[in-house]
Amino acid sequence: MASELEPEVQAIDRSLLECSAEEIAGKWLQATDLTREVYQHLAHYVPKIYCRGPNPFPQKEDMLAQHVLLGPMEWYLCGEDPAFGFPKLEQANKPSHLCGRVFKVGEPTYSCRDCAVDPTCVLCMECFLGSIHRDHRYRMTTSGGGGFCDCGDTEAWKEGPYCQKHELNTSEIEEEEDPLVHLSEDVIARTYNIFAIMFRYAVEILTWEKESELPADLEMVEKSDTYYCMLFNDEVHTYEQVIYTLQKAVNCTQKEAIGFATTVDRDGRRSVRYGDFQYCEQAKSVIVRNTSRQTKPLKVQVMHSSIVAHQNFGLKLLSWLGSIIGYSDGLRRILCQVGLQEGPDGENSSLVDRLMLSDSKLWKGARSVYHQLFMSSLLMDLKYKKLFAVRFAKNYERLQSDYVTDDHDREFSVADLSVQIFTVPSLARMLITEENLMSIIIKTFMDHLRHRDAHGRFQFERYTALQAFKFRRVQSLILDLKYVLISKPTEWSDELRQKFLEGFDAFLELLKCMQGMDPITRQVGQHIEMEPEWEAAFTLQMKLTHVISMMQDWCASDEKVLIEAYKKCLAVLMQCHGGYTDGEQPITLSICGHSVETIRYCVSQEKVSIHLPVSRLLAGLHVLLSKSEVAYKFPELLPLSELSPPMLIEHPLRCLVLCAQVHAGMWRRNGFSLVNQIYYYHNVKCRREMFDKDIVMLQTGVSMMDPNHFLMIMLSRFELYQIFSTPDYGKRFSSEITHKDVVQQNNTLIEEMLYLIIMLVGERFSPGVGQVNATDETKREIIHQLSIKPMAHSELVKSLPEDENKETGMESVIEAVAHFKKPGLTGRGMYELKPECAKEFNLYFYHFSRAEQSKAEEAQRKLKRQNREDTALPPPVLPPFCPLFASLVNILQSDVMLCIMGTILQWAVEHNGYAWSESMLQRVLHLIGMALQEEKQHLENVTEEHVVTFTFTQKISKPGEAPKNSPSILAMLETLQNAPYLEVHKDMIRWILKTFNAVKKMRESSPTSPVAETEGTIMEESSRDKDKAERKRKAEIARLRREKIMAQMSEMQRHFIDENKELFQQTLELDASTSAVLDNSPVVSDMTLTALGPTQTQVPEQRQFVTCILCQEEQEVKVESRAMVLAAFVQRSTVLSKNRSKFIQDPEKYDPLFMHPDLSCGTHTSSCGHIMHAHCWQS
């Protein structure tokens, strides 16, 4: 059979080889209807060259196609032999100053971190090595394929846009000239004719949807009855499924099936059977039946061989057009004109539009070919790049909808070309103003997220697999919005303002649908049965984080836009929470003679949401009003008087209370979904537009309202109002309620509330809140990260937030705050904090996690001990607030704050009567320290005509009013200074008293300060210092004596129990009457003293203090304290052996702690007795 076919094949080859390209071209030049002539030629020869059997011969097909089909076109275009014609065109052409090299998959690309306008601006290796950027900070990545080199694009680089290769042409090009001037009119006319026919042919045949008949122009007289069973790629079925199905459907070997599957995955389609219609239809039905059980079936078509032939040539033709236009910019310009010229059907009838809108119907190989053609033609011609951008924007909504319903990856979609268009600043601005691109992107995005709750908020609960898949694809629209915004405008036109604000309105609508989404209610009683869907909402938040930041940057660059955006954002927030009371009943709170009206709302009982993007955007814009000084320049244009501070703070405060309650263990029954949400809320990826902005919003609220009112509302939301508003409530509470969990929860909530107040007053390192710049903020982040431990570069970068350009700003400031310690033979190079930066350490830095805070505290105290300083960690000196936030400091000297401080100090003084914690006291001491630092700064910076209104020192010196007559805060601090149970805080209390005296002296010497009425308890500093030293010496002697006695008693107790083990056992096994007594006695651990005998009595628990031999830190021995260990030496011993000839049969399973005396050897353990922290020993 094969031998009979061979002559036929050879005959076909011979007839084809006899064709003369020159003659055919000559015939075309004489033709009156060129289109008809060319189509007849293609109709006759294409099926003879392509698709002649089951196995393709690409080399033979390409050779014949070049000779019979492409050759005549080249002759026609040049008007002479193309071997001479094309070099002439190339010579006449002025080389482009754009590189435009299209990257292959895996090819290295380079981006300059100093000069690139955004991270998408990249160079190929050749251009990079020949550019100035090789000596800059650069980022190297591998391409996913599809992008192109930006060398020569002046909009992509701040400096050095040209490499050495492309720079040669810049001196010649002074202004944009028409590239067609380098071509003769004949060549232009012929090129236009042949390009128009061939491009139309390629588009028509590639977008042809009929399977067994050709367009009328290409139909043959004698049509063979040969078909292909064509299998198409999808992203649903696995390789294994396809291979298995093919083996069954077309009776092929596994190796052949693997070959088919690989080609289908690479090119997007592959014929798996060749023959008559029935033969191919049978294979199709088997494939469809086998793959439609779980998912949609594989796409299979039975296509006539002539259609497949024309489509294969269509692809070849597009590649040929791409290579031809490389000879001359004039040819490129003509192809662009042909592609974008509107057809007879009006809108969307140009060839480019037709290809784009059919994108999702094309297979992978066809998409790649025409995308590459677009990149080498439309995107390389600056005039037509703009026109193409307009067409792309007009069709944007449809292209994205096609992409969302399509299942191919983004890189195979025409929608992926958005990165090439939207990142060009001039094009992005033009599309915003002329095509309203921002609004189009956002509205398209929202159209795809139709799942809403009763309040119009996004709802991701019980998402089906299809909806989740769709949501993943829709996220690429956010990336497009990011591309549009990535380059901030330096000059604004009225049209740009108007269209940006329209886009901003659409963006607010999007955020409005997110405000309050995924609300949660505390689970009481039983654990939540099914974890709710939370990831989708946080994915959306993460994707939008940079967009929200960039929106604020755009607003900041123009005062008019900022004012309008602020008004719009406030209006939307009022719509969301206009009736922010949510129907709750109003209540009045009163403390210290102040009262405020608010609503009854409990975070632990009502619904609460962690998603508040509208509130957070308003907080960001409010800071920008301060930073850009718009708030002071145009106060009459701003609705500041309309602001309702209680409304602004309500929802961010609820969110922060939720975090506090989760930390207090009140939401354990809500499962891991909530724990994860709280984690991401504070995480470096999200915190900039979540946690940080909630703090700013509270700072905004406090700066605009009476701090006493704010604190009362805060106490109410933390559910602590009763404790601080009712005298002696704490004592009653601790005596009445024996449930330890409730006491512990309340203690944690008080600690968290105090921590929040510290953050509100202390976090002023955002430009606009405090008088600082962006580098100060980065420095502070680095200082606090390095306060935990020295870190490697990569570790440090991970802990800092990245901007939209993937920059952290670390390199510019790291030298100022850290030394780099080079790596040794092994290990990594580390950054260590400079000693002079330690004074800027804030123990309550708001980006510390709980673990980081405790590590940092430990590291800093250890450092202070090494430097022989006292271990107090006082609050650092802070920069002043901006005027818009200046009144915030008054929270520290407000009556309610002083009441909270006084109450907690009172609990510490009468430490046995109340439920309180040392962490609580530590936070109060920190707040007092902050207030003293603040007053000290006010006095240092005071001018003659001003009076310092911050009088914290006077207020803490005054005792409480009758009838309570409680001692002053200062008097309680002096009492606590001598308390033996507060050893660890003594240095801090001493520092406070010392600072108090320094501030008091400054007040007395300051002519502008009012005369302070001092307390009788305040002594002269020198005599107090002597008393302090004496008290310290006596306390030290007493401590040493106590330790010695404790050690002796502990040793005696241990010996007694060891020597009387049997007696001790009998004592525990007494009769029932005795056991009744035992039941009433407390359960004792082996750490406490124990009374033995039949009538045991409770022994007061002695406190034991030990010193770590390594770090010299003294610590009380408690179950909850850090673990202490002894170094021990374990060895074999025969001292107590009774039978030295008997050995253990299975030593692996024998317990070495209980060795029988009837063995050859036992174990002996000895220790030096030096106690140390477990972590000190490990490190």
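Chains are numbered independently. Their residues run from 1 in the order of the written sequence. Whole-chain, interface and lining totals are the exception, using all residues; otherwise, since this is a predicted model, local features are given only for residues with pLDDT of at least 70 and side-chain atom pairs are given and counted only at 80 or more. Only hydrogens and water are set aside; all other atoms, that is, all heavy atoms of the structure, feed into the side-chain values.

In this section: the overall build of the protein. Where helices and strands are cited, they refer to DSSP runs of H or I of at least four residues and of E of at least two residues respectively, numbered from the N terminus. Check the secondary structure of the protein and you find 46 helices and 13 strands. In this scheme, a residue with accessible area under 20% of its type's maximum is buried, one over 50% is exposed, and one in between is partly exposed, where area comes from a 1.4 Å probe on protein chains only. When burial is assessed residue by residue, the protein has 51% of its 1179 residues classed as buried. Partitioning the contacts of the protein with sequence separation of at least 6, the portion at a separation of at least 24 is 75%. Note that accessible areas follow from Shrake-Rupley with a 1.4 Å probe, and for residues the cover is restricted to the protein chains shown. When the accessible surface of the protein is summed, it comes to about 57,100 Å², and 52% of that surface belongs to carbon and sulfur atoms. A contact between two residues is defined here by any heavy atoms of the two lying within 4.5 Å.

By definition, a salt bridge exists where a carboxyl oxygen of Asp or Glu is found within 4 Å of a side-chain nitrogen of Lys or Arg. Scanning the model with the defined rule gives 48 salt bridges in all. A salt bridge links E807 to R113; its shortest N-O distance comes to 2.9 Å. Taken together, the residues span a long stretch of sequence, with E807 in the loop between α35 (793-798) and α36 (810-817) and R113 in the loop between β1 (108-112) and α6 (125-129) at a distance of 694 residues. Among the residues examined, E807 registers a relative accessible area of 15% and is labelled buried. On the basis of relative accessibility, which here comes to 25%, the residue R113 falls in the partly exposed class. With its nearest N and O atoms 3.2 Å apart, the salt bridge here joins K394 to E435. One end of the pair, K394, is in helix α16 (residues 382-394); the other, E435, is in helix α19 (residues 425-435), with 41 residues separating them in the sequence. Look at K394 and you get partly exposed, because its relative accessible area is 44%.

Tracing the backbone shows E983 in the loop between α41 (969-977) and α42 (986-1005). Given the relative accessible area of 37%, E983 is considered partly exposed. Counting along the chain gives 132 residues from E983 to Q1115, while the straight-line C-alpha distance between them is 9.6 Å.

The next subject is the state of the cysteines. We call a pair of cysteine sulfur atoms a disulfide when they lie within 2.5 Å. Within this structure, the stated rule accounts for zero disulfides. Summary of cysteine pairing: C569 is not part of a disulfide, and the nearest cysteine sulfur, belonging to C555, is at 8.9 Å.

Moving on: a nonpolar patch on the surface. A grouping of I1109, L1110 and W1177 is seen on the molecular surface, where their side chains present a nonpolar patch of about 340 Å² in accessible area. Residue position: I1109 is located in the loop between β10 (1105-1107) and β11 (1114-1116). The patch calculation keeps residues exceeding 30% relative accessible area without a salt bridge and links them within 9 Å when they carry like charges or within 5 Å when they are nonpolar (Val, Leu, Ile, Met, Phe, Trp, Tyr).

For each structure, a 1 Å grid was placed over the protein atoms alone; sets of points admitting a 1.4 Å probe that cannot get out are labelled cavities, open sets with protein on both sides within 12 Å along at least five of seven lines are labelled pockets, and lining residues have an atom within 4 Å of a point. Grid points are joined across faces, edges and corners, and a volume is the space filled by probe spheres set on the points. If you walk through the whole model with that rule in mind, you get nine cavities of 30 Å³ or more. Volume-wise, the second largest cavity comes out at about 100 Å³. Broken down by secondary-structure element, the contributors of at least two residues to the lining of the second largest cavity are α39 (918-940) and α42. By residue number, the principal contributor to the lining of the second largest cavity is α39, which donates three residues. Classification used: nonpolar for Ala, Val, Leu, Ile, Met, Phe, Trp, Tyr, Cys and Pro, charged for Asp, Glu, Lys and Arg, polar for all others including Gly. Residue composition of the lining of the second largest cavity, grouped by class: seven nonpolar, four polar and two charged.

To obtain each axis, a line is fitted to C-alpha atoms, and for helices this fit is confined to the stretch in contact; angles are then taken between N-to-C directions over 0 to 180 degrees. Two numbers describe how α19 lies on helix α22 (residues 494-514): the axes approach to 8 Å, and their chain directions differ by 75°. By the angle between their directions, the pair α19 and α22 is classed as roughly perpendicular. In this structure, α19 uses R429, I432 and T433 to contact α22, whose residues at the interface are E495, L496, K499 and F500. The class makeup of the residues in the contact of α19 with α22 is three nonpolar, one polar and three charged. Our angle categories are set so that under 35 degrees counts as roughly parallel, over 145 as roughly antiparallel, 65 to 115 as roughly perpendicular, and the remainder as oblique.

Let's shift gears to the packing of α22 against helix α24 (residues 559-577). Where α22 meets α24, the closest approach of the two axes is 10 Å, and the angle between their N-to-C directions is 25°. Taken as axis vectors, α22 and α24 run roughly parallel relative to one another. Viewed along their axes, α22 and α24 form a crossing whose handedness is right-handed. Contact residues: R497, F500, L501, F504, D505, L508 and K512 in α22; K560, V561, E564, A565, K568, C569, V572, Q575 and C576 in α24. Of the residues belonging to the contact of α22 with α24, the class tally is nine nonpolar, one polar and six charged. Handedness of a helix crossing follows the sense of rotation of the near helix relative to the far helix, less than a right angle counterclockwise being left-handed and clockwise being right-handed.

Our next topic: the nonpolar core. We define a nonpolar core as any set of buried Ala, Val, Leu, Ile, Met, Phe, Trp, Tyr and Cys residues linked to one another through side-chain atoms lying within 4.5 Å. Residues F195, F313 and F388 are the most contacted members of the largest nonpolar core, which totals 287 residues. Not counting chain neighbours up to four residues away, the residues in contact with F195 comprise L77, R200, L321, I324, I325, L331, I334, L335 and V338. With 21 residues, the next largest nonpolar core counts V242, I243, V272 and I287 among its residues.

Now for the packing of aromatic side chains. When two rings of Phe, Tyr or Trp (its six-membered ring) have centres within 6.5 Å they constitute a pair, described as stacked for plane angles under 30 degrees, edge-to-face for angles over 60, and tilted for the intermediate range. For the structure shown, the criterion picks out 35 aromatic pairs. With a centroid separation of 6.2 Å and 45° between ring planes, the pair formed by Y50 and F313 is classed as tilted. Of this pair, Y50 sits in the loop between α3 (34-49) and α4 (58-78) while F313 is found in helix α12 (residues 305-324), placing the two residues 263 residues apart along the sequence. For the residue pair Y50 and F313, the accessibility class agrees, reading buried in each case. Of the aromatic side chains, those joined through ring pairs into one cluster are Y370, F374, F388, F392, Y396 and F422. The ring of Y403 carries the charged tip of R410 above its face, separated from the ring centre by 5.3 Å. A cation sits over an aromatic face here: R654 above Y601, 3.5 Å from the ring centre. For a Lys NZ or an Arg CZ to count as sitting over a ring, it must be within 6 Å of the ring centre and within 35 degrees of the ring normal.

Within the element layout of this structure, T226 appears in the loop between α8 (185-206) and β3 (227-232). According to the relative accessible area criterion, T226 is buried, its value standing at 18%. Polar contacts, as counted here, are pairs of nitrogen or oxygen atoms within 3.5 Å of one another; within protein the pair requires one atom able to donate a hydrogen and one able to accept it, and residues that are adjacent in sequence qualify only if both atoms are side-chain atoms. Here S224 takes part through its side chain, which lies 3.1 Å from a polar atom of the side chain of T226. The residues contacting T226, other than those within four sequence positions of it, are Y274, G275, H304 and S305.

Here the protein shows a mean pLDDT of 84. Residues at 70 or above account for 87%. What pLDDT reports is the predictor's confidence in each residue, on a scale of 0 through 100. Below a pLDDT of 50 lies the segment residues 1067-1088, which in the model reaches 13 contacts outside its immediate sequence neighbourhood of four places, other chains included.

Turning next to unusual backbone geometry. Of note in the backbone geometry, E719 takes a positive phi value of approximately 60° without being a glycine. With respect to the helices and strands, E719 occurs in the loop between α30 (707-717) and α31 (721-725). Backbone geometry places R868, a non-glycine residue, at a positive phi of 55°.

This paragraph deals with the sheet that holds strand β5 (residues 300-304). Strands qualify as paired when DSSP identifies two bridges or more between them. The strand order across the open sheet formed by three strands is β4-β3-β5, and the pairing between neighbours is antiparallel. Bordering the open sheet on either side are β4 (269-275) and β5, each of which pairs with just one other strand. Neighbour to neighbour, the strand axes of the sheet diverge by 30° on average, direction disregarded. The pairing of β3 with β5 spans five bridges and is antiparallel. Across the sheet, Y227 pairs through a bridge with H304, a residue of β5. Contacting β3 and β4, helix α9 (residues 239-250) runs over the sheet at an angle of about 10° to β4. In this fold α12 packs onto β3, β4 and β5, with an angle of close to 95° to the strand it touches most, β5.

Turning to the pairing of strand β9 (residues 830-833), a few remarks are in order. Only one face of β9 is buried, namely the one carrying Y831 and L833, since none of M830 and E832 on the opposite face is buried. Two strands pair when backbone bridges link them, and strand β8 (residues 818-821) and β9 are joined in this way by four bridges, in the antiparallel orientation. Along β9, the bridge assignment pairs F820 with Y831.

On to the side chain of H784. Within the secondary structure layout, H784 lies in helix α34 (residues 774-788). Since its relative accessible area comes to 1%, H784 is described here as buried. Beyond its immediate chain neighbours, meaning those up to four positions away, H784 contacts E840, F841, N842, F845 and F848.

The end-to-end C-alpha separation of α3 is 22 Å, in line with the 22 Å expected for 16 residues at 1.5 Å each. Across the chain, bend at a residue is computed as the angle between axes fitted to the seven residues ending at that point and the seven starting from it. At A43, α3 shows its largest bend, some 25°, and a proline, P47, comes one to four positions later. The length a helix should cover is 1.5 Å for every residue beyond the first.

Along the chain, E529 falls in the loop between α22 and α23 (535-556). Between the C-alpha atoms of E529 and G671, which are 142 residues apart in sequence, the distance is 9.0 Å. Within the structure, E529 has its side chain in polar contact with the side chain of Q526 (distance 3.2 Å).

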